[in-house]
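Report on the structure
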Amino acid sequence: TRFRNVTGVQTCALPILTPRARVVSGMRPTGRLHLGHLVGALGNWVPLQDQYDCFYFVADWHALTSEYSNTDPITGYALDNVADWLAAGVDPERSTIFVQSLVPEHAELFLLLSMVVPIPWLERVPTYKEQQEQLSEKDLSTLGFLGYPLLQTADVAMYDARFVPVGDDQVPHLELSREVVRRFNQFYGDVLVEPQPLLTPVSRLPGLDNRKMSKSYGNTIDLSDDADAVTKKVRQMYTDPKRIRADIPGTVEGNPVFMYHDAFNTDTAEVDDLKARYREGKVGDVEVKTKLAKAMNAMLEPMRERRREVAANPGRVREIVVEGSRKARTIAHATMERVRDAVKLRY
Ligand code: TRP
């Protein structure tokens, strides 16, 4: 890209000369990906590739913090998730796609960070107690689970990440990361970069039953669902419960069917018309849902197509993560050299 400035002299556009800021984000491989992941993370990861040097990784050690008693499905989910990333448009030519446990330097940095972080800082992170209560069937009184946000700090600090695209639920983790990095730098000099959250612009999407979208509630639409499955699930979606007949005026606000229309239906005139008629009691649920299913399938179809291409070459996903992890490890190695120097563990 070249542009002419006012003097008519051709110059190189600035972005070519400035190294792109680094972005790091991860996902835990605890199941197949659903629309919540698309709206909350993946949909944001894809456009960031145009502006940033992106590192996207499978946080398999983070999955272990809660899934340590059944580790069988983790690697399968990991590869399946990466296939969805590729299908959604994460591009291995432009971004580094890797697996956390294939870069064991993350564990070393985590260990060194653990020397300076006071335990109450970790106990204060709101997700710590929340998750322990919500997942009460699991014993989460482990050191690994307490250290979750500290491992996350190592993940991003390893690559000098300036920005971390996350949903609002992850902001306290990033806040901890910033505090830990500052404390580490106070002891050892300016070694690590303070990461900043890059908030996902789209709001959270409820599940089919209007609770939080989650695999454990069985209320998800998965990225790998075919058109029939999507249509069936949309037909069963929770909607305004007061509206037992089509001629009763309905509520659009907070109605998951319309939240989905807003998120996925690109025909805004159609959405506006449906909302107006819904409020007046002049449209049946069947029409609203049929149009939603159609819009969602139109949005998902290109992803399904790419997923089929990816699936046709099963070794490819593994190849991509192995190659990406090798690249990530080169950087991680250099960071750890710098960190060991700073901590004065040099022999
Ligand atoms: N905690 C994140 C989540 O559950 C996953 C994660 C692990 C992560 N390490 C990260 C996200 C580093 C961003 C950066 O969504």
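Everything that follows concerns the structure shown earlier in this document.
**Here we look at the overall build of the chain**
Regarding its fold elements, the chain presents 15 helices and seven strands. Counting only C-alpha atoms, the chain reaches 80 × 65 × 40 Å along its principal axes. Looking at the chain as a whole, 46% of its 347 residues qualify as buried. Taking the average place of the 44 positive charges on the side chains of the chain and the average place of its 47 negative ones, the gap between the two points comes to 2 Å.

**With respect to the nonpolar core**
Among the nonpolar cores identified, the biggest contains 52 residues, and Leu35, Leu42, Trp85, Tyr260 and Met296 are the most heavily contacted of them. In this view, Leu35 contacts Leu205, Met213, Ile221, Leu223, Tyr260, Phe264, Met296, Met299 and Leu300; residues no more than four positions away in its chain are not counted. Phe145, Tyr159, Leu176 and Val191 belong to the second largest nonpolar core, which has 40 residues in total.

**Looking at the site of the ligand**
Taken together, Ser25, Gly26, Arg28, Phe57, Ala59, His62, Tyr148, Gln152, Asp155, Val156, Val164 and Gln170 make up the full set of residues near the ligand. The side chain of Asp155 places a nitrogen or oxygen atom 2.8 Å from a nitrogen atom of the ligand. One of the side-chain N or O atoms of Gln170 is found 2.9 Å from a nitrogen atom in the ligand. For the ligand, the accessible surface in isolation is 360 Å², of which the surrounding protein chains cover 87%. Elements that contribute at least two residues to the shell around the ligand include exactly strand 3 (22–27) and helix 9 (148–157). Per-element accounting of the shell around the ligand gives the leading share, four residues, to helix 9. Split by residue class, the shell around the ligand holds five nonpolar, five polar and two charged.

**Section: the packing of helix 12 (residues 256–264) against helix 13 (residues 268–280)**
The N-to-C vectors of helix 12 and helix 13 enclose an angle of 165°; their axes lie 10 Å apart at closest approach. What the angle tells us is that helix 12 and helix 13 run roughly antiparallel. When the axes of helix 12 and helix 13 are compared, the crossing they make is left-handed. Residue-level contacts link Phe258, His261 and Asp262 of helix 12 to Val271, Leu274, Lys275 and Tyr278 of helix 13. Looking at the contact of helix 12 with helix 13 residue by residue, the classes come out as four nonpolar, one polar and two charged.

**Some words on helix 13**
Under the 1.5 Å per step criterion, the end-to-end length of helix 13 is 18 Å for 13 residues, consistent within 8% with the ideal 18 Å. Among all positions in helix 13, only Val271, Leu274, Lys275 and Tyr278 are buried. Taken around the axis of helix 13, the buried residues stretch over an arc of 100°, which confines them to a single face. The inward-facing, buried residues of helix 13 contact helix 12 and helix 14 (285–311). Downstream of helix 13 by one or two residues, Gly281 has phi in the positive range, about 70°.

Conventions and cut-offs
Residues numbered from 1 in each chain as written. Predicted model: local features only at pLDDT ≥ 70, side-chain atom pairs only at ≥ 80, totals over all residues. Heavy atoms only, no water. Helix = DSSP H or I, 4+ residues; strand = E, 2+ residues; numbered from the N terminus. Buried < 20%, exposed > 50% of the residue type's maximum accessible area, 1.4 Å probe, protein only. Lys, Arg positive; Asp, Glu negative; His and termini not counted. Charge placed at Lys NZ, Arg CZ, Asp CG, Glu CD. Core = buried A, V, L, I, M, F, W, Y, C linked by side-chain atoms within 4.5 Å. Contact = heavy atoms within 4.5 Å. Near = heavy atom within 4 Å. Polar contact = N/O pair within 3.5 Å; in protein donor to acceptor, adjacent residues only side chain to side chain. Areas by Shrake-Rupley, 256 points an atom, 1.4 Å probe, with all protein chains shown as cover. Nonpolar A, V, L, I, M, F, W, Y, C, P; charged D, E, K, R; others polar. Axes fitted to C-alpha atoms, helices over the stretch in contact; angles between N-to-C directions. Parallel < 35°, antiparallel > 145°, perpendicular 65-115°, else oblique. Left-handed = near helix turned anticlockwise from the far one by under 90°. Expected span 1.5 Å × (residues − 1). Arc of directions from axis to C-beta.

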